[in-house]
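# A look at the structure
This is what each chain is made of:
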Amino acid sequence: MPSSAIKRLRAVVRDRGGSTAVEFALVAPLFLTMVAGVIQYGSLLFTYNGMLDTARTTSRQVAVGSDTPSAASSKARGKKLGWVAAGKMAVATDDSDPDEVTTEISMDSEDATVLPLLPMPDEISVSVTMAKES
């Protein structure tokens, strides 16, 4: 092999110019998947917290007697939770027990997130039971 070819081969082997691009190409998919997961599950938890607050408020309104179960459930169904459109929640309020009121809210998890990309449960739901005031 001529010495000039060996010198060129050594120069190619020592060249580190594209190593950053190769490292980025290897790391970027993992990093972007992690960012998408944080956004997705963060929005899911934000929606869950809003559903829990709505269920607590609905149970409280019925427990203190300021609303009937059907009126309180209707108000809860009409509430908008962040990016979740109003009417996407299934709300059930039960006051048949003389001592307590139970409100259950559920919705499809795809409606509860901004980026439904990663695997999630089919449905998210909350249940709040509150003692009635005399």
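Below you will find a few notes about this structure. Bear in mind that the values here come from a model prediction, so they are computed numbers and not experimental data.

### A closer look at the side chain of Gln 40
- Considering the arrangement of structural elements, one finds Gln 40 in helix H2 (residues 19–63).
- Setting aside anything within four residues of it in sequence, one finds Gln 40 in contact with Thr 113, Leu 115, Pro 116, Leu 117, Leu 118, Pro 119 and Met 120.

### Quick word on helix H3 (residues 69–77)
- Three or more residues of H3 are buried, namely Pro 69, Ala 72, Ser 73 and Ala 76. Within H3, the buried residues cover an arc of 100° as seen down the axis, which keeps them to one side.

### Quick look at the pattern of salt bridges
- In the structure shown here, the tally under the stated rule is three salt bridges.
- Between Lys 75 and Asp 67 there is a salt bridge, with its nearest N and O atoms 2.8 Å apart.
- The exposure class assigned to Asp 67 is buried, which follows from its relative accessible area of 17%.

### Looking at the nonpolar core
- Core analysis: the largest hydrophobic core is formed by 15 residues, its most contacted members being Met 51, Leu 81, Met 89, Ile 105, Met 107 and Ile 124.
- Secondary structure elements with two or more residues in this core: H2, strand S2 (100–108) and strand S3 (123–131).
- Val 62, Ala 63, Ala 72 and Val 101 belong to the second largest nonpolar core, which has five residues in total.

### A look at the environment of Ala 11
- Tracing the sequence through the fold places Ala 11 in helix H1 (residues 3–14).
- Between the alpha carbons of Ala 11 and Val 126 there is a distance of 64 Å; along the sequence they are 115 residues apart.

### Brief notes about a nonpolar patch on the surface
- Nonpolar side chains collect at one region of the surface, where Val 22, Leu 26, Val 27, Phe 31, Leu 32, Val 35, Ile 39, Phe 46, Trp 83 and Val 114 lie side by side and expose about 990 Å² of accessible area between them.
- Here Leu 32 shows up in helix H2.

### Concerning the sheet that holds strand S1 (residues 90–94)
- Reading across from one edge, S1-S2-S3 is the order of the three strands in this open sheet, with antiparallel pairing throughout. One side of each edge strand has no neighbouring strand; the edge strands of this open sheet are S1 and S3. Neighbour-to-neighbour, the strand axes of this sheet turn through a mean angle of 10°, independent of strand direction.
- Here five bridges tie S1 to S2, and the two strands are oriented antiparallel to one another. Its bridge partner being in S2, Asp 94 is matched across the sheet by Thr 102.
- H2 contacts S1, S2 and S3 of the sheet and is inclined by roughly 30° relative to S3.

Thresholds, definitions, all that
Residues numbered from 1 in each chain as written. Predicted model: local features only at pLDDT ≥ 70, side-chain atom pairs only at ≥ 80, totals over all residues. Heavy atoms only, no water. Helix = DSSP H or I, 4+ residues; strand = E, 2+ residues; numbered from the N terminus. Contact = heavy atoms within 4.5 Å. Buried < 20%, exposed > 50% of the residue type's maximum accessible area, 1.4 Å probe, protein only. Arc of directions from axis to C-beta. Salt bridge = Lys/Arg side-chain N within 4 Å of Asp/Glu carboxyl O. Core = buried A, V, L, I, M, F, W, Y, C linked by side-chain atoms within 4.5 Å. Patch = residues over 30% accessible without salt bridge, like charges linked within 9 Å, V, L, I, M, F, W, Y side chains within 5 Å. Areas by Shrake-Rupley, 256 points an atom, 1.4 Å probe, with all protein chains shown as cover. Pairing = 2+ DSSP bridges. Axes fitted to C-alpha atoms, helices over the stretch in contact; angles between N-to-C directions.

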